[in-house]
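# Observations on the model geometry
Residues per chain are reported as follows:
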Amino acid sequence: MADDTTVNPETLRDFVAKALGSQGVPDGDAAKVAALMVEADIYGYATHGVFRLRQYMARLKGGGCNPTPTVKVAHETAATALIDGDDGLGHLAMAAARDLAMTKAREAGIGWVGVRGGNHAGPLALYVRPQAEAGLLGMAAAVGSANHVPPYGGTDLLLGTNPIAFSAPNDGDDPFVFDMATTVAAMGKIKTLLQQGEPMPEGWMVGRDGKPLTDPARKSEGFLLPIGGPKGFGLSVAIGLMAGVLNGASFGADVVDFTNDTTSSTNTGQFVMALDPAAFGIADFGANAARVFDEMRASPPLPGHDPVRMPGEGKSAAAKGRMDRGLALKPALRADLEAIQAEYGFDAALG
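All of the points below concern the structure found in this document. The structure displayed is predicted, hence computed values, not measured ones.

We now examine the pairing of strand β5 (residues 137-142). Among the 6 residues of β5, 5 are classified as buried, and the element is accordingly described as predominantly covered. Sheet analysis places β5 next to strand β6 (residues 164-168), joined by 4 bridges and oriented antiparallel. The partner of G138 across the bridge, within β6, is S167.

Below is the structure:
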């Protein structure tokens, strides 16, 4: 089996930007999206980073994604806003929502910005980590880009992985960053295993006969399982209401499978929130958070368990290492990127 190869992050950003540009995405937008996609890999969210390039290219080519969107604020109050992504690459609308939410938090104490007319935008961590780094709390959520989950006890696929993420400042080495799907596993992980020819663990998916599915090539034959049974189902619906219905975006049967349908608008719904601790008269949130985190890490581990770690812990050091050493590309991913280049005919090099 071939070994992983490494690529300089800047080289990978240039490759992705040129790929997007080959489908009519303006240079500035292509550079912004490429930077966020590579940032996802840098911080360890490989299932939602450059791995997704093929899907984005297919939707741009098919017309389901607008290469030249006008991302605009459709409605606004002092603390809230609704952004229309104009069917463009999802990173553009979500980055705009994140930045506007942070501005409003500084001015009004809280900023809550919804998105409609969006698309898949990579990991939500990209849109909450900056809040924590700026001393704010962050939250983001999204309606999944395809329905893979039935309502609890049912069999119709009416829900997606519907992820949610939180962040908070911390005076330690890393901000608190927690990014999760409301299913036991994200579909991106299953697609990655399929690309690499590896099985998935029991408990991620079941077939319509209720028996476990472990072959990722058979993912269309069953459905993902929600975390905590009815609790995960309820959380997924709540996210759908806030990220979908509240924004005039798709939810339920209206959701378009962005992989299998490359021609239709997905009208993906998301939201980003920023909250300023100063609005509550709190000036030492980061120090207090660090103290509580230290208490949790000091808890003696159960036999056979590693020491307690906090969500986001070690991400900064790992990211620096990847930037210094280069990003590791699995052979299957590198082959896919090279195949994309051959298919779309743009001039770039992976090194």
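It is worth spelling out the layout of surface pockets at this point. In this model, the largest pocket occupies a volume close to 960 Å³. In this structure, the largest pocket is lined by 50 residues; those nearest its centre are H48, T161, A186, M187 and G188. Contributions of two or more residues to the lining of the largest pocket are made by β7 (176-180), α6 (187-196), β10 (222-224) and β11 (268-275). Each residue belonging to the lining of the largest pocket can be placed in one class, and the counts come to 22 nonpolar, 20 polar and 8 charged.

Inspection of the secondary structure puts E76 in strand β2 (residues 72-76). Here E76 falls in the partly exposed class, since its relative accessible area comes to 45%. Separated by 94 residues in the primary sequence, E76 and N170 have C-alpha atoms spaced 31 Å apart. Discounting residues that sit within four places of it in the chain, E76 has contacts with A81, L100 and K104.

Turning our eyes to something else, we now look at the packing of aromatic side chains. Considering all chains together, one arrives at 3 aromatic pairs under this definition. When the centroid spacing of 5.2 Å and the interplanar angle of 75° are considered together, the rings of F15 and F346 count as edge-to-face. On the criterion of sequence distance, the pair formed by F15 in helix α1 (residues 9-21) and F346 in the segment after α10 (331-344) is long-range, its members being 331 residues apart. The pair formed by F15 and F346 is uniform in burial state, with each residue classed as buried. Their ring planes at 20° and their centres at 4.4 Å tell us that W112 and F271 sit as a pair that is stacked. With W112 in strand β4 (residues 110-118) and F271 in strand β11, this residue pair connects regions lying 159 residues apart in the sequence. The cationic tip of K315 hangs over the ring face of Y45; the distance from NZ or CZ to the ring centre is 4.2 Å.

In this section: the nonpolar core. Formed by 63 residues in total, the largest nonpolar core has its most connected members in L12, L20, L53, L89 and L337. The element contributing the most residues to this core is helix α4 (residues 90-108), with 9 residues. Excluding anything up to four places from it in sequence, L89 contacts L20, V25, V33, Y56, L60, C65, N66 and N119. Core analysis: the second largest hydrophobic core is formed by 23 residues, M139, L193, M200 and L224 among them.

This part is about a nonpolar patch on the surface. Together, L241, M242, V245 and L246 give the surface a local cluster of nonpolar side chains, amounting to about 360 Å² of exposed area. Topologically, M242 is positioned in helix α7 (residues 230-243). Since its relative accessible area comes to 30%, M242 is described here as partly exposed.

Pairing in this open sheet of 7 strands is mixed, and the strands run β2-β3-β4-β11-β5-β6-β7 from one edge to the other. Across the chains shown, the open sheet's two edge strands, defined by having one partner strand only, are β2 and β7. Each strand of the sheet is rotated relative to its neighbour by a mean of 15°, with strand direction disregarded. Two elements, β5 and β11, share 6 bridges in a ladder whose sense is antiparallel. Residue pairing in the sheet places A141 in a bridge with F271 of β11.

The next subject is the pattern of salt bridges. Tallied over the full model, the rule gives 16 salt bridges. E10 is paired through a salt bridge with R13; the nearest N and O atoms lie 3.0 Å apart. Note that E10 and R13 are positioned in helix α1 at a spacing of 3 residues, about one turn of the helix. Accessibility expressed as a relative area gives 48% for E10, which makes it partly exposed. Salt-bridge contacts for D324 lead to K320; the nearest nitrogen and oxygen are separated by 2.7 Å. A residue pair is termed a helical-turn pair when its members lie 3 or 4 positions apart in one helix, as D324 and K320 do in helix α9 (residues 315-325) at 4 residues. Judged by relative accessible area, K320 falls into the partly exposed class, the value being 49%.

The subject of this paragraph is the sheet that holds strand β8 (residues 205-207). If you walk across this open sheet you meet the 3 strands as β9-β8-β10, and the pairing is antiparallel. On the outer flanks of this sheet lie β9 (212-213) and β10, each paired with one strand and no other. Bridging between β8 and β10 involves 3 bridges; their strand directions are antiparallel. Counterpart to V206 in the pairing with β10 is F223.

So, how was this worked out
Residues numbered from 1 in each chain as written. Predicted model: local features only at pLDDT ≥ 70, side-chain atom pairs only at ≥ 80, totals over all residues. Heavy atoms only, no water. Buried < 20%, exposed > 50% of the residue type's maximum accessible area, 1.4 Å probe, protein only. Helix = DSSP H or I, 4+ residues; strand = E, 2+ residues; numbered from the N terminus. Pairing = 2+ DSSP bridges. 1 Å grid on protein atoms, 1.4 Å probe; cavity = no way out; pocket = protein on both sides within 12 Å on 5 of 7 lines; lining within 4 Å. Points joined across faces, edges and corners; volume = space filled by probe spheres on them. Nonpolar A, V, L, I, M, F, W, Y, C, P; charged D, E, K, R; others polar. Contact = heavy atoms within 4.5 Å. Phe/Tyr/Trp six-rings, centres within 6.5 Å; stacked < 30°, edge-to-face > 60°. Lys NZ or Arg CZ within 6 Å of the ring centre and 35° of its normal. Core = buried A, V, L, I, M, F, W, Y, C linked by side-chain atoms within 4.5 Å. Patch = residues over 30% accessible without salt bridge, like charges linked within 9 Å, V, L, I, M, F, W, Y side chains within 5 Å. Areas by Shrake-Rupley, 256 points an atom, 1.4 Å probe, with all protein chains shown as cover. Salt bridge = Lys/Arg side-chain N within 4 Å of Asp/Glu carboxyl O. Axes fitted to C-alpha atoms, helices over the stretch in contact; angles between N-to-C directions.

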